[in-house]
Protein chains: 2
Amino acid sequence: MKRIVFPRQDHRRKEILNAAQRCFVRSGFHQTSMQEICAEAQMSAGNLYRYFPSKETIIAGITERDRAEVVQDFTRTDLSQELFAALEAMARHYFTVRSIEQVSLCTEIMSEARHNPEVARISAVFEVEIRKWLTSGFDMAAKRGDISKDADIEGAVNMLMIIADGFWWRRVLDPQFKVNSFISTFVDVARHLLRSQVSSEIAGGHS
Amino acid sequence: MKRIVFPRQDHRRKEILNAAQRCFVRSGFHQTSMQEICAEAQMSAGNLYRYFPSKETIIAGITERDRAEVVQDFTRTDLSQELFAALEAMARHYFTVRSIEQVSLCTEIMSEARHNPEVARISAVFEVEIRKWLTSGFDMAAKRGDISKDADIEGAVNMLMIIADGFWWRRVLDPQFKVNSFISTFVDVARHLLRSQVSSEIAGGHS
């Protein structure tokens with residue numbers, strides 16, 4: 001799996017990030033020591049510190065890389081086709097193909113963002129990207145007529161992102177969790193949110 | 001706010017948990033030392049250790065207390081009235097009245113459940129309670145005719161709990177997050193999920 005096109009320095013950095021990621025997923029950022037990362041990377045402390053001067057820089061490196069992968073996963077999806085078919089394919093990919101290691105890392109990053117300004121900053125940049133990409137996809141779909149012209153796109157984007165966040169935690173904390181039935185409910189909710197707000201209020205409204 | 005009906009021992013335990021909770025919310029479970037908790041509780045280490053032999057027992061104590069409060073909040077809601085009015089009142093209470101300290105604690109407990117079996121156990125017991133309570137409320141509502149008789153109650157309960165989990169993280173990580181518009185979308189999604197699955201498939205289904 002090693003890509004020899006990488007310069008040696010980049011390749012070493014990548015190996016260290018991979019080793020650190022395995023440690024972090026097992027034990028969490030704060031319960032992992034630099035010694036453990038060195039052992040996992042089979043590298044001396046002196047050598048490792050030449051690439052990353054502190055655990056914080058490793059955490060930031062891993063966050064940056066993981067968030068970039070997620071953005072890439074998203075933007076690879078072609079939203080110029082019928083929206084809900086694309087959304088379902090994306091949900092299926094995003095919610096099932098990511099390994100439990102990647103999902104655990106994602107929750108670890110969310111926890112870390114509460115206390116670590118650099119991780120919070122990287123996460124916020126990533127959020128803006130995803131939000132922009134979803135919004136422009138939904139705008140195009142509204143123009144094509146896949147969704148209602150008066151759908152509350154901002155509200156829908158917010159809710160779908162909240163559901164995705166909740167999903168990572170559920171998948172990590174609940175071994176019984178059924179991903180497949182979740183995905184169909186997710187797409188069903190997306191369909192509902194992107195239909196006209198007006199018509200859904202009329203349809204729902206006997207309270 | 002001190003309740004003198006508590007025996008002295010319980011009162012001291014409660015004070016320690018309150019002090020530890022403030023530390024944990026500020027810095028996280030693992031970045032807080034027993035010394036900091038002693039300082040916050042204005043108590044010597046020797047004295048504090050008589051109540052809690054380790055940081056782990058404090059974390060478990062706080063988790064137990066917080067989860068019990070949430071269950072109490074839930075079960076206090078009367079679900080024998082019209083369902084969506086009750087659900088909206090509950091969402092408004094649960095999502096707005098809980099302080100940012102309580103919300104932060106909730107995310108800290110979720111993080112901790114990933115690595116700490118005792119916290120995972122307490123959280124799982126709590127989940128079962130909430131799930132049972134929601135399911136029986138929705139069953140009653142189906143009998144009364146507030147919701148469709150063939151609604152997928154299990155799927156709806158799962159999705160609503162996932163949304164609540166995502167909400168805590170959003171509220172903690174995004175200072176711009178608008179709670180009020182979230183609540184109306186939450187109730188709208190609940191309405192949609194609890195209507196007939198059959199009719200929503202027909203309504204949505206041109207993909």
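Since the structure is predicted, the reported quantities are computational estimates derived from the model, not experimental observations.

### Here we look at the overall build of chain A
Per the secondary structure count, chain A includes 10 helices and 0 strands. If you line up chain A on its principal axes, its C-alpha atoms span 65 × 35 × 30 Å. Sorting the 207 residues of chain A into buried and exposed places 54% on the buried side. Taking contacts inside chain A between residues at least 6 apart in sequence as the whole, the part at least 24 apart equals 71%. Each charge sign in chain A was given a centre, from 27 positive and 27 negative side chains, and these centres are 6 Å apart.

### Quick word on the environment of Asn18 of chain A
All names here are of chain A. Here Asn18 is to be found in helix H1 (residues 8–27). When the C-alpha positions of Asn18 and Ile37 are compared, they lie 9.7 Å apart, and in sequence the two are 19 residues distant. A polar contact is formed between the side chain of Asn18 and the side chain of Arg65, at a distance of 2.8 Å.

### Let's talk about the pattern of salt bridges
Under the criterion given, the structure shown has 32 salt bridges over all chains. One salt bridge connects Glu40 of chain A with Arg26 of chain A, and the closest N-O pair in it is separated by 3.0 Å. Here Glu40 of chain A, found in helix H2 (residues 34–41), pairs with Arg26 of chain A, found in helix H1; they are 14 residues apart in sequence, far enough to count as distant. For Glu40 of chain A, a relative accessible area of 25% translates into the label partly exposed. Given a relative accessible area of 54%, Arg26 of chain A falls into the exposed group. Close ionic contact of Glu129 of chain B with Lys132 of chain B constitutes a salt bridge, the shortest N to O distance being 3.8 Å. Of this pair, Glu129 of chain B and Lys132 of chain B both sit in helix H7 (residues 117–144), separated by 3 residues, roughly a single helical turn. Looking at Glu129 of chain B, the relative accessible area reads 36%, which means it is partly exposed. The class for Lys132 of chain B is exposed, based on a relative accessible area of 53%.

### A closer look at the interface of chain A and chain B
For interface size, the figure often reported is the accessible area lost on association. Listed as interface residues are 46 residues of chain A and, on the opposing side, 46 residues of chain B. Around 3900 Å² of area is buried between chain A and chain B when both sides are counted, 56% of it from carbon and sulfur atoms. On the chain A side of the interface with chain B, the three residues burying the most area are Arg114, Ile162 and Arg170 of chain A, jointly 18% of the side's total. The tally of links from chain A across to chain B stands at 8 salt bridges.

### Focus on the packing of helix H6 (residues 100–113) of chain B against H7 of chain B
All names here are of chain B. At their nearest, the axes of H6 and H7 sit 8 Å apart, and the two run at 120 degrees to each other. By the angle between their directions, the pair H6 and H7 is classed as oblique. Crossing geometry of H6 relative to H7 is assigned as left-handed. Residues Ile109, Glu112 and Ala113 of H6 lie in contact with H7, whose contacting residues are Val119, Ala120 and Ser123. Within the contact of H6 with H7, the residues separate by chemical class into 4 nonpolar, 1 polar and 1 charged.

### Observations concerning the nonpolar core
Core analysis: the biggest nonpolar cluster contains 87 residues, and Phe95, Phe138 and Phe182 of chain A together with Phe95, Phe138 and Phe182 of chain B have the highest contact counts within it. No other element matches helix H8 (residues 153–173) of chain A, which puts 12 residues into this core. In contact with Phe95 of chain B, other than residues within four places in its own chain, are Ala164, Phe167, Trp168, Arg171, Val179, Phe182, Ile183 and Phe186 of chain B.

So, how was this worked out
Residues numbered from 1 in each chain as written. Chains lettered and ligands numbered in written order. Predicted model: local features only at pLDDT ≥ 70, side-chain atom pairs only at ≥ 80, totals over all residues. Heavy atoms only, no water. Helix = DSSP H or I, 4+ residues; strand = E, 2+ residues; numbered from the N terminus. Buried < 20%, exposed > 50% of the residue type's maximum accessible area, 1.4 Å probe, protein only. Contact = heavy atoms within 4.5 Å. Lys, Arg positive; Asp, Glu negative; His and termini not counted. Charge placed at Lys NZ, Arg CZ, Asp CG, Glu CD. Polar contact = N/O pair within 3.5 Å; in protein donor to acceptor, adjacent residues only side chain to side chain. Salt bridge = Lys/Arg side-chain N within 4 Å of Asp/Glu carboxyl O. Buried area = accessible area lost by both parts, 1.4 Å probe. Axes fitted to C-alpha atoms, helices over the stretch in contact; angles between N-to-C directions. Parallel < 35°, antiparallel > 145°, perpendicular 65-115°, else oblique. Left-handed = near helix turned anticlockwise from the far one by under 90°. Nonpolar A, V, L, I, M, F, W, Y, C, P; charged D, E, K, R; others polar. Core = buried A, V, L, I, M, F, W, Y, C linked by side-chain atoms within 4.5 Å.

Remember, this is a structural readout, not a statement about activity or role.
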